[in-house]
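Listed here are the chains, written in short residue letters.
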Amino acid sequence: MRKICIIVNSRANYGRIKTVLQALKNDSNVQLQIIVGASAVLERFGNVSKIISNDGFKIDSMLYSVVEGENPTTMAKSTGLAIIELSTIFENLKPDVVLTVADRYETLATAIASSYMNIPLAHTQGGEVTGSIDESVRHAITKLAHLHFPATKLSEQNLLKLGEDPSTIYMTGCPAMDIVASQDLTLEDDFFVKYKGVGPNLDPHKPYLVVLQHPVTTEYGQGFNQIKETIKAVQEINIQTVWLWPNIDAGSDEVSKGIRIFRERENPSNIHFYKNFSPEDYIKLIGNCICQVGNSSSALREGSFLGVPVVNIGTRQNNRECAENVIHVDHNFQNIKNAINYQIKHSKYESSKIFGDGDSGKKIAKILAKAEFKIQKKLHFLN
């Protein structure tokens, strides 16, 4: 029986791997191992581990590796600590293959630990192009990985250009699209109440914005001023808004500080702040909004499938593939405001399936269960 180990490090990470977990759990020839770590085990980020357990998955190990501070130094230290802790966990679990997701610094720790321990490494969402440190991390993981599951055709071509063996690349699409494709988007009357959060009650049957803006690690020190521009634009739009807390990357404290100051000083009557939503409810949330604002990749990925109007701010998603539903702007409140107003009037876009058509999870699980691995890697184009 093959032991397949998957690491979940964040709320977005879980949404983009959940259907793979489900497919592997249902495979009698596989022993699924789940490690939950980084922000996914922290209460202030919504404690995703609780959602995972409530979904019926057994968590084999909890990884505590986050060094407080949310700055470049603590980010580097958190990566190092995660390598140390994961090495011990892998030694105990003895997986036959490890699957890691996307491009976060915790993902790099997984890749380093598994590859140095001669454990075959599989990687989703390689070959994509963005801004921030994620761009470098993603390609570094590609060079450590033995099996690749790119989400788009262009990403597949980028992996080939990076010298990866074509026989190790499977263009499966992104598993997050599986949830999008199968999700009933109907909002229940208590949709906004059950997740609590802070702020006034919102009406799920009236128009609303969704705002999710993360720090940009390569622009550390600018997050406070950047979020102020977004806040001012949303204030002037003046419709009910769901505002989600930023992730744990370096600069998170700057963005969080801007949000907290605004919340305490202005006490907005139309904005409610939340930590987290389940993957299914997050799809409902953005699927029914009149515009998604910020710099989350979910706006470009899941948003493209849903045809949601999107205003993408700044450089965090620089050059990432996207559909026509996205308008890109800089950190200027007037430009942000104008773009939001334009998108509100546009209302809805056609669905785009550039990131997958809704059956990625089962494809990835089937390949993981049967694939053969070669630990020794080499640049394929040198052959």
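Just above, that's the structure.
Rules used in this analysis
Residues numbered from 1 in each chain as written. Predicted model: local features only at pLDDT ≥ 70, side-chain atom pairs only at ≥ 80, totals over all residues. Heavy atoms only, no water. Buried < 20%, exposed > 50% of the residue type's maximum accessible area, 1.4 Å probe, protein only. Helix = DSSP H or I, 4+ residues; strand = E, 2+ residues; numbered from the N terminus. Pairing = 2+ DSSP bridges. Core = buried A, V, L, I, M, F, W, Y, C linked by side-chain atoms within 4.5 Å. Contact = heavy atoms within 4.5 Å. 1 Å grid on protein atoms, 1.4 Å probe; cavity = no way out; pocket = protein on both sides within 12 Å on 5 of 7 lines; lining within 4 Å. Points joined across faces, edges and corners; volume = space filled by probe spheres on them. Nonpolar A, V, L, I, M, F, W, Y, C, P; charged D, E, K, R; others polar. Axes fitted to C-alpha atoms, helices over the stretch in contact; angles between N-to-C directions. Phe/Tyr/Trp six-rings, centres within 6.5 Å; stacked < 30°, edge-to-face > 60°. Lys NZ or Arg CZ within 6 Å of the ring centre and 35° of its normal. Parallel < 35°, antiparallel > 145°, perpendicular 65-115°, else oblique. Left-handed = near helix turned anticlockwise from the far one by under 90°.

1. Some thoughts on the pairing of strand β1 (residues 2–8)
Among the 7 residues that make up β1, 5 are buried, leaving the element largely enclosed by the rest of the structure. In this sheet, strand β2 (residues 30–37) lies alongside β1 in parallel orientation, the contact comprising 7 bridges. Looking at the pairing, V8 lines up with V36 of β2. Relative to strand β4 (residues 97–101), β1 runs parallel, the two sharing 3 bridges. Bridge assignment links C5 to a residue of β4, and that residue is V98.

2. Things to note about the nonpolar core
Grouped together as the largest cluster of nonpolar side chains are 31 residues, with contacts concentrated most on I6, L24 and L368. Other than its neighbours up to four places away in sequence, I6 contacts I17, V20, L21, L24, L32, Q33, I34, I35 and L99. If you look at the next biggest cluster of nonpolar residues, it comprises 26 residues, including I179, F191, F277 and I286.

3. Thoughts on unusual backbone geometry
With a phi close to 60°, N118 is a non-glycine residue in the positive phi region. If you trace the backbone, N118 turns up in the loop between α5 (105–116) and β5 (121–124). The backbone of N238 shows a phi angle near 60°, a positive value even though the residue is not glycine. The residue N238 is located in the loop between α9 (223–237) and β8 (241–244) in this model. Residue classification places N238 among the exposed residues on the basis of a relative accessible area of 54%.

4. Considering the layout of surface pockets
Considering only enclosed or pocket space, the largest pocket measures out at about 470 Å³ in volume. Contributions of two or more residues to the lining of the largest pocket are made by α3 (48–54) and β9 (271–274). For the lining of the largest pocket, the element with the most residues is α3, which contributes 3 residues. Here the lining of the largest pocket is composed, by residue class, of 7 nonpolar, 6 polar and 7 charged. If you add up the space inside the second largest pocket, you get close to 390 Å³.

5. Remarks on the sheet that holds β2
One open sheet holds the 6 strands; their spatial order is β3-β2-β1-β4-β5-β6, and the pairing between them is parallel. Looking at which strands have only one partner, the edges of the open sheet turn out to be β3 (61–63) and β6 (147–149). Strand-to-strand twist in this sheet, taken as the mean axis angle between neighbours without regard to direction, amounts to 20°. Relative to β4, α5 is tilted by about 160°, and along the sheet it contacts β1, β4 and β5.

6. Things to note about the packing of aromatic side chains
Counting across every chain of the model gives 9 aromatic pairs. Ring centres 5.4 Å apart and planes at 90° place the aromatic pair F192 and Y208 in the edge-to-face group. Pair noted here: F192 is in the loop between α8 (176–182) and β7 (209–212) and Y208 is in the loop between α8 and β7, with a separation of 16 residues, a long-range link. With respect to class, F192 is no different from Y208; both count as buried. When the ring of F192 is compared with that of Y274, the centres are 6.4 Å apart and the planes differ by 35°; the resulting orientation is tilted. Here F192, found in the loop between α8 and β7, pairs with Y274, found in strand β9; they are 82 residues apart in sequence, far enough to count as distant. Accessibility assignment for this pair places F192 and Y274 in one class, buried. Here K232 stacks its cationic end above the ring of F333, 3.9 Å away from the centre of that ring. Across from the ring centre of F224, 5.5 Å away, lies the NZ or CZ of K257, which sits over that ring.

7. Considerations on the packing of helix α2 (residues 18–25) against helix α15 (residues 360–370)
Close contact between α2 and α15 brings their axes to 8 Å; oriented N to C, the two are set at 50°. Judged on the interaxial angle alone, α15 and α2 are oblique. For the crossing formed where α2 meets α15, the hand is right-handed. On the side of α2, the interface is formed by T19, V20, A23 and L24, while α15 contributes G361, K362, I364, A365 and L368. Among the residues forming the contact of α2 with α15, the class breakdown is 6 nonpolar, 2 polar and 1 charged.

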